[in-house]
Amino acid sequence: MSQLNQALIRRPRRLRQDARWRAFVQSQHLHAVNFIMPLFIKAGDKICQPIQSMPGQFQYSLDQLPQVAERLAESGIQNVLLFGVVQDKDPLGQAAAQSNGLIQQAIQILKHCCPHWLVIADLCFCEYTDHGHCGVLDANGQLDNDATLPHLVAQAVSLSKAGADLVAPSGMLDGMVAAVRAGLDAHGHTQCGIMSYAVKYASGLYAPFREAGEGAPQSGDRLSHQMHVANGEEALLEARLDVEQGADMLLIKPGYGDVVYRVTQQYPDIPVGAYHVSGSYAMIKAAAEKGWLNEAEVIEEVMLGYRRAGAQFIVTYFADWITQHLC
Ligand code: PBG
Ligand code: ZN
């Protein structure tokens, strides 16, 4: 063995010898500011409806929001992502862009209660259309990309008017970021940001979200617009298209580490986030319930893994628990 190797050989365990050493050389940390808490807002009154497949998560009606916001703020939450669960669905999802719409009101309430928060609004139609698809359908019942774009723009402008700091287009439509950026700017909303779901895979891990968001497609699937899970290089094309169209930050969903790593390597100057999706949450909850793993330990491990892969921010249903216990 060379002299250099002799000098190095005992370094790994020297640096791990006790908690002081381990803390000193720890690379990644979890900070409250990097976590985003998703919230499901439901039309109605006095609703605090548990989501069966996501233990610990609830749908809330607007009247509940002040106390929910207070609790979240106390646990250290600084960023939220809003999903709407509406009753008045139609083929065009028109409830998405009303000035007194559900999410528009939710934004106003949360901005009033927690002016220091970043409020991010999901931008898609699957929760607003009666057919459950992410936009307008053509004569053959297929998602009509270009016919959907003006509706997305109207929704984005409406959410921004209500006070959203960022909109998060999640439908994986071609040209959505360019259309939304141009629409926001044309209405003077140059300060409203775009957090694009640049890389969104067609994933079985979204199943619990379908219960939470009540936006499952009534027939068919999302394979014509969401990415196939077999593809990695394609994520770089998706990221490039969204960056060139004006996305301020990119979201990888599910937040697979290899994809987060590749995209952050390609765009070191763009914030990239990971979404710890509903199915990943449900798996940890279910195994912990059975006593098969230690929930706290696994949550920290998974989140540090995202940070290690390069994620600047993390969307997770564990966000309030993490900011309270790990930050
Ligand atoms: C739809 C949307 C979905 C999720 C977020 N936004 C479901 C889908 O695309 O089918 C999934 C989130 C999760 O599983 O936590 N706009
Ligand atoms: Zn959608």
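Before going into details, it helps to say that this report is about the structure given with it.

Calculation notes
Residues numbered from 1 in each chain as written. Chains lettered and ligands numbered in written order. Predicted model: local features only at pLDDT ≥ 70, side-chain atom pairs only at ≥ 80, totals over all residues. Heavy atoms only, no water. Helix = DSSP H or I, 4+ residues; strand = E, 2+ residues; numbered from the N terminus. Rg over C-alpha atoms; globule rule 2.2 N^0.38 Å. Buried < 20%, exposed > 50% of the residue type's maximum accessible area, 1.4 Å probe, protein only. Contact = heavy atoms within 4.5 Å. Areas by Shrake-Rupley, 256 points an atom, 1.4 Å probe, with all protein chains shown as cover. Lys, Arg positive; Asp, Glu negative; His and termini not counted. Charge placed at Lys NZ, Arg CZ, Asp CG, Glu CD. Donors = N, O, S within 2.8 Å, 3.2 Å for Na, K, Ca; no water. Near = heavy atom within 4 Å. Polar contact = N/O pair within 3.5 Å; in protein donor to acceptor, adjacent residues only side chain to side chain. 1 Å grid on protein atoms, 1.4 Å probe; cavity = no way out; pocket = protein on both sides within 12 Å on 5 of 7 lines; lining within 4 Å. Points joined across faces, edges and corners; volume = space filled by probe spheres on them. Nonpolar A, V, L, I, M, F, W, Y, C, P; charged D, E, K, R; others polar. Phe/Tyr/Trp six-rings, centres within 6.5 Å; stacked < 30°, edge-to-face > 60°. Lys NZ or Arg CZ within 6 Å of the ring centre and 35° of its normal. Expected span 1.5 Å × (residues − 1).

1. Topic: the overall build of the protein
Reasoning step 1: When its secondary structure is counted, the protein shows 13 helices and 10 strands.
Reasoning step 2: Taking 327 residues into account, the globule formula puts the C-alpha radius of gyration at 20 Å, and the protein, at 21 Å, falls close to it.
Reasoning step 3: With respect to the three principal axes, the spread of C-alpha positions in the protein is 70 × 40 × 40 Å.
Reasoning step 4: Relative to its 327 residues, the protein shows a buried fraction of 53%.
Reasoning step 5: Here the contacts in the protein between residues at least 6 apart in sequence split such that 73% fall between residues at least 24 apart.
Reasoning step 6: Working note: accessible area of the protein is about 15200 Å², and carbon and sulfur atoms make up 51% of it.
Reasoning step 7: Positive and negative charge centroids in the protein, built from 24 and 33 side chains respectively, lie 12 Å apart.

2. Here's the deal with the coordination of the zinc ion (ligand 2)
Reasoning step 1: Distances from the zinc ion (ligand 2) to its protein donors, Cys-124 (SG), Cys-126 (SG) and Cys-134 (SG), fall within 2.2 to 2.3 Å.
Reasoning step 2: Every donor residue of the zinc ion (ligand 2) comes from the same chain, spaced as C-x1-C-x7-C. Taken as a pair, Cys-124 in the loop between strand S5 (118-123) and helix H6 (145-162) and Cys-134 in the loop between S5 and H6 lie far apart in primary sequence, 10 residues in all. An identical accessibility class is assigned to Cys-124 and Cys-134; each is buried.

3. Some details on the site of ligand 1
Reasoning step 1: Ligand 1 sits among 18 residues. The nearest are Lys-200, Arg-210, Lys-253, Ser-278 and Tyr-317.
Reasoning step 2: Gln-226 has a polar side-chain atom sitting 2.9 Å from an oxygen atom of ligand 1.
Reasoning step 3: A distance of 3.2 Å separates a nitrogen atom of ligand 1 from a polar side-chain atom of Lys-253.
Reasoning step 4: Look at ligand 1: alone it shows 400 Å² of surface, and the protein chains cover 100% of it.

4. Description of empty space enclosed by the protein
Reasoning step 1: All chains considered together, the criterion is met by one cavity of 30 Å³ or more.
Reasoning step 2: The volume enclosed by the largest cavity comes to roughly 150 Å³.
Reasoning step 3: Lining the largest cavity are 19 residues, and of these Glu-127, Lys-200, Tyr-206, Phe-209 and Lys-253 lie nearest its centre.
Reasoning step 4: Secondary structure elements with two or more residues in the lining of the largest cavity: strand S7 (193-200) and helix H8 (207-213).
Reasoning step 5: Among the residues making up the lining of the largest cavity, the classes are represented as 10 nonpolar, three polar and six charged.

5. Here we look at the packing of aromatic side chains
Reasoning step 1: Summed over all chains, the structure comprises 10 aromatic pairs.
Reasoning step 2: In this structure an aromatic cluster arises from ring pairing among Phe-40, Phe-83, Tyr-197, Phe-209, Tyr-275, Tyr-281, Tyr-317 and Phe-318.
Reasoning step 3: Here the guanidinium or amino end of Lys-200 rests over the ring plane of Tyr-197, the centre of that ring lying 5.2 Å away.

6. What to know about helix H11 (residues 278-289)
Reasoning step 1: With 12 residues, H11 ought to run about 16 Å at 1.5 Å a step, and its terminal C-alpha atoms sit 16 Å apart, in line with that.
Reasoning step 2: Where H11 is concerned, the buried positions are Ser-278, Gly-279, Ser-280, Tyr-281, Ala-282, Ile-284, Lys-285, Ala-287 and Ala-288.
Reasoning step 3: Against the buried residues of H11 lie H8, strand S9 (272-276) and helix H12 (295-309).
Reasoning step 4: Gly-291, located one to two residues past H11, shows a positive phi value of around 75°.

7. Considering the layout of surface pockets
Reasoning step 1: A volume near 250 Å³ is recorded for the largest pocket.
Reasoning step 2: Met-37, Gly-56, Gln-57, Tyr-317 and Asp-320 are, among the 21 residues lining the largest pocket, the residues nearest its centre.
Reasoning step 3: Among the secondary structure elements, those contributing two or more residues to the lining of the largest pocket are strand S1 (35-42), strand S3 (58-60), helix H4 (65-74), H11 and helix H13 (319-325).
Reasoning step 4: Looking at the second largest pocket, its volume works out to about 160 Å³.
Reasoning step 5: The wall of the second largest pocket is formed by Val-33, Asn-34, Ile-36, Asn-79, Leu-118, Ile-120, Leu-166, Met-195, Met-249, Pro-271, Gln-312 and Phe-313.
Reasoning step 6: In the lining of the second largest pocket, the residues fall into nine nonpolar, three polar and no charged.

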